[in-house]
Amino acid sequence: MVKSKNDKLSYISVPSQIIHSLSSSSLHNLLLSPKKSSKPYNRFFSTAKNPRFFFVFLFIFSFLGMLKLGLNLEPILPFSPYPCWTPQTQLILSSDHQRLASLGQGKIGTGDMENEFWKQPNGLGYRPCLDFSQEYRKSSEVVTRERTKYLMVVVSGGLNQQRNQIVDAVVIARILGAALVVPILQVNVIWGDESEFSDIFDLEHFKKTLADDVHIVSSLPSTHLMSRPVEEKRTPLHVGAQWIRARYQKRLNREGVLLLRGLDSRLSKDLSSDLQKLRCKVAFHALRFASPILELGNKLVERMRGKGPYIALHLRMEKDVWVRTGCLPGLSSEYDEIINKERKLRPELLTARSNMTYHDRKLAGLCPLNALDVARLLKALGAPRNARIYWAGGSPFGGEEALLPLTKEFPYFYNKDKLSLPGELVPFAKKASLLAAIDYIVAENSDVFMPSHGGNMGHAVQGHRAYAGHKKHITPNKREMLPFFLNSSLSEPDFNRIIKGLHQGSLGQPDIRTNKPGRDIIAYPVPECMCNDSKTRTQLQE
């Protein structure tokens, strides 16, 4: 059976719109409507004599050649997390999506720059290892039966400050041998968030996970409702277990109830091995987000990952951050003046040393990276232009204009507002802690994570990613790299080579906490909460 010319072209996967336009034009007549001739080769050469034939021939085969090479056509699509896909578009782009996905799994050649960027650290063999001592397990039998002494805590701040204080509250309850009343979340003065513990976290999971460590109750029992709690508002910084017992044990035994406020960063970061493991157990196992938050957060993860690996950025570019750090956003003199005026009106907000100029602070690595800094750093480290980026954080000072240097270099730039469907964020409106929890989930599950500045969320996500499987984490070496950012005489290849060299030691391999005492184990869980000896490893079951 002889196939027609139309049949010969039918196997080529090109968009139907193009086929339609060809069929309705003179090109269709030129290519598919041969002149009458008794011999096929005469028909060919008679057509070839027409100069339009060569133009059409070159156009068609150039287009098909680009498709064969897997040309990335996505930049021509509208900037939207939900482009209007057609079956023909999917045919064109599917091979490119598969290629992107393989980059995160090391399936491209080792010399490929993109593959190097997405490559994950091996973790040096460390795995979660919460093997509590025999002494700890034995004392748990007494602590978990406690029904006469109760610890109440009021936690404040944003989501990750709250998490840190809840972790410390569990540890303090264990030190004192007291039952813990579910922490009370103070109404956030800045955002007006009135969320309670159970709005953010899975309360039953919290109780069940810690059942062998501390007795947890939802509220004070009726036997203690009339008790006068011992209230402490000014716990010194970095206190240890011995100080806690000496300060509170007698009063707690006498009154039966102890109320603590302002726990933020008050408990020492260098505790006994068992207490360090307990902190990890609370942070990485017990504090699971409530189901509605998990559900939406995981949906956004799927939408980001559906098109390949993605980067998560925690951008600290809010107005209050620039005011508190003594830094400037660098957008224009007008914006800088607004920050300077705000700082003069409210000098108590400045947390940085006031004797340093803005320029000195920036060179010392004390300022958040702005969008231009982040874009240059990602490019130097090999992030491909078609990388998907999810950014977490509050609205940047200056609005979308402040993000332009990033969106120009990396057009696939999303946050929860752009990824969510209409109505999905409505239940979380005006609840800053719940919205931050959604950001946390998407950031924790990313292939690469980078904060633009230190902070509670950056540290929490860093430690969680290490504990969950050593996913790649980039710590900007601000102090050493910024002088090169200011050196305009460097060529781009030299700049990239220098910046990559400065970050070779901080691209995700576990950083041993005990090398620098005083580090928070929630950010650095190695070695107290992780080990590489398979004989002693005990993985907690979720």
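An account of the accompanying structure is given in this report.

The rules we used
- Residues numbered from 1 in each chain as written.
- Predicted model: local features only at pLDDT ≥ 70, side-chain atom pairs only at ≥ 80, totals over all residues.
- Heavy atoms only, no water.
- Helix = DSSP H or I, 4+ residues; strand = E, 2+ residues; numbered from the N terminus.
- Expected span 1.5 Å × (residues − 1).
- Buried < 20%, exposed > 50% of the residue type's maximum accessible area, 1.4 Å probe, protein only.
- Arc of directions from axis to C-beta.
- Contact = heavy atoms within 4.5 Å.
- Axes fitted to C-alpha atoms, helices over the stretch in contact; angles between N-to-C directions.
- Parallel < 35°, antiparallel > 145°, perpendicular 65-115°, else oblique.
- Nonpolar A, V, L, I, M, F, W, Y, C, P; charged D, E, K, R; others polar.
- Phe/Tyr/Trp six-rings, centres within 6.5 Å; stacked < 30°, edge-to-face > 60°.
- Lys NZ or Arg CZ within 6 Å of the ring centre and 35° of its normal.
- Lys, Arg positive; Asp, Glu negative; His and termini not counted.
- Salt bridge = Lys/Arg side-chain N within 4 Å of Asp/Glu carboxyl O.
- Pairing = 2+ DSSP bridges.
- Core = buried A, V, L, I, M, F, W, Y, C linked by side-chain atoms within 4.5 Å.
- Polar contact = N/O pair within 3.5 Å; in protein donor to acceptor, adjacent residues only side chain to side chain.
- Right-handed = clockwise from strand over helix to strand, strands pointing away.

As for helix H16 (residues 333-345)
It helps to recall that an α-helix has 3.6 residues per turn; residues three or four apart then point in one direction.
Turning to step 1, where the next piece is worked out: Here H16 spans 18 Å end to end across 13 residues, near enough to the 18 Å set by a 1.5 Å rise per residue.
Turning to step 2, where the next piece is worked out: Burial in H16 covers these residues: Tyr335, Asp336, Ile339 and Arg343. Along H16, the residues classed as buried sweep out an arc of 100 degrees about the axis, all on the same side. Exposed and facing more than 90 degrees away from the buried side of H16 are Ser333, Glu334, Lys344 and Leu345.
Turning to step 3, where the next piece is worked out: Taken together, the buried residues of H16 touch helix H15 (319-325).

Some details on the packing of helix H23 (residues 478-485) against helix H24 (residues 492-502)
Turning to step 1, where the next piece is worked out: Here H23 crosses H24 at 175 degrees, and the two axes come no closer than 10 Å. Our classification of the angle between H23 and H24 gives roughly antiparallel. Touching Glu480, Met481, Phe484 and Phe485 of H23 are Phe495, Ile498, Ile499 and Leu502, all from H24.
Turning to step 2, where the next piece is worked out: Along the lines of polarity and charge, the residues of the contact of H23 with H24 split into 7 nonpolar, no polar and 1 charged.

Re the packing of aromatic side chains
Turning to step 1, where the next piece is worked out: Within the structure shown, the criterion is met by 11 aromatic pairs.
Turning to step 2, where the next piece is worked out: Counting every residue linked through ring pairs, the aromatic cluster contains Phe197, Phe201, Phe206, Phe289 and Tyr440.
Turning to step 3, where the next piece is worked out: The aromatic ring of Tyr412 is capped on one face by Arg388, whose charged end is 4.8 Å from the ring centroid.
Turning to step 4, where the next piece is worked out: The lysine or arginine in question, Lys472, covers the ring of Phe117, its NZ or CZ lying 4.9 Å from the ring centre.

Some remarks on the side chain of Asp274
Turning to step 1, where the next piece is worked out: Structurally, the position occupied by Asp274 is in helix H13 (residues 273-286).
Turning to step 2, where the next piece is worked out: Lys277 is the oppositely charged side chain nearest to the buried, salt-bridge-free Asp274, at an N-O distance of 5.5 Å.
Turning to step 3, where the next piece is worked out: Beyond its immediate stretch of four places on either side in the chain, Asp274 contacts Phe132, Ser133 and Tyr136.

Looking at the sheet that holds strand S9 (residues 388-392)
Turning to step 1, where the next piece is worked out: One open sheet holds the 5 strands; their spatial order is S10-S9-S8-S11-S12, and the pairing between them is parallel. For this open sheet the edge positions go to strand S10 (413-414) and strand S12 (472-473), each flanked by a neighbour on one side alone.
Turning to step 2, where the next piece is worked out: Pairing of strand S11 (residues 448-451) with S12, which is carried by 2 bridges, proceeds in the parallel orientation. Opposite Val448, over in S12, you have Lys472 as the bridge partner.

A few points about the pattern of salt bridges
Turning to step 1, where the next piece is worked out: Summed over all chains, the structure comprises 23 salt bridges.
Turning to step 2, where the next piece is worked out: The residue Arg497 makes a salt bridge to Asp494 at a minimum N-O spacing of 3.5 Å. Linking Arg497 with Asp494, this pair stays in helix H24, spanning 3 residues, or about one helical turn.
Turning to step 3, where the next piece is worked out: A single salt-bridge network, built from bridges that share partners, covers Asp168, Arg279 and Asp520.

What about the nonpolar core?
Turning to step 1, where the next piece is worked out: Counting 81 residues, the largest nonpolar core has Leu151, Phe197, Phe206, Leu278 and Phe289 as its most contacted members.
Turning to step 2, where the next piece is worked out: Broken down by element, the residue count for this core peaks at 10 residues, all from helix H9 (residues 159-176).
Turning to step 3, where the next piece is worked out: Non-local contacts of Phe197, meaning those with residues more than four positions away in its chain, are made with Ile166, Val182, Pro183, Leu185, Leu203, Phe206 and Leu287.
Turning to step 4, where the next piece is worked out: Counting residues in hydrophobic clusters, the runner-up holds 39 residues, among them Ala371, Leu403, Met450 and Ile499.

Focus on the side chain of Asn370
Turning to step 1, where the next piece is worked out: By the secondary structure assignment, Asn370 is in the loop between helix H17 (358-363) and helix H18 (371-380).
Turning to step 2, where the next piece is worked out: A polar contact is formed between the side chain of Asn370 and the backbone nitrogen of Leu372, at a distance of 3.2 Å.
Turning to step 3, where the next piece is worked out: The residues touching Asn370, leaving out its near neighbours within four places in the chain, are Trp322 and Pro329.

Description of the pairing of S9
The side chains of a regular strand alternate between the sheet's two faces.
Turning to step 1, where the next piece is worked out: A large share of S9 lies buried, amounting to 5 of its 5 residues.
Turning to step 2, where the next piece is worked out: Where burial is concerned, the two faces of S9 agree: the one with Arg388, Tyr390 and Ala392 and the one with Ile389 and Trp391 are both buried.
Turning to step 3, where the next piece is worked out: Here strand S8 (residues 310-314) pairs with S9 via 5 bridges, running parallel. Paired with Ile311 across the strands is Ile389, a residue of S9.
Turning to step 4, where the next piece is worked out: Pairing between S9 and S10: 2 bridges, direction parallel. Bridge pairing in S10 links Ile389 to Phe413.
Turning to step 5, where the next piece is worked out: As a crossover connection, the stretch from S9 through helix H19 (residues 404-409) into S10 is right-handed.

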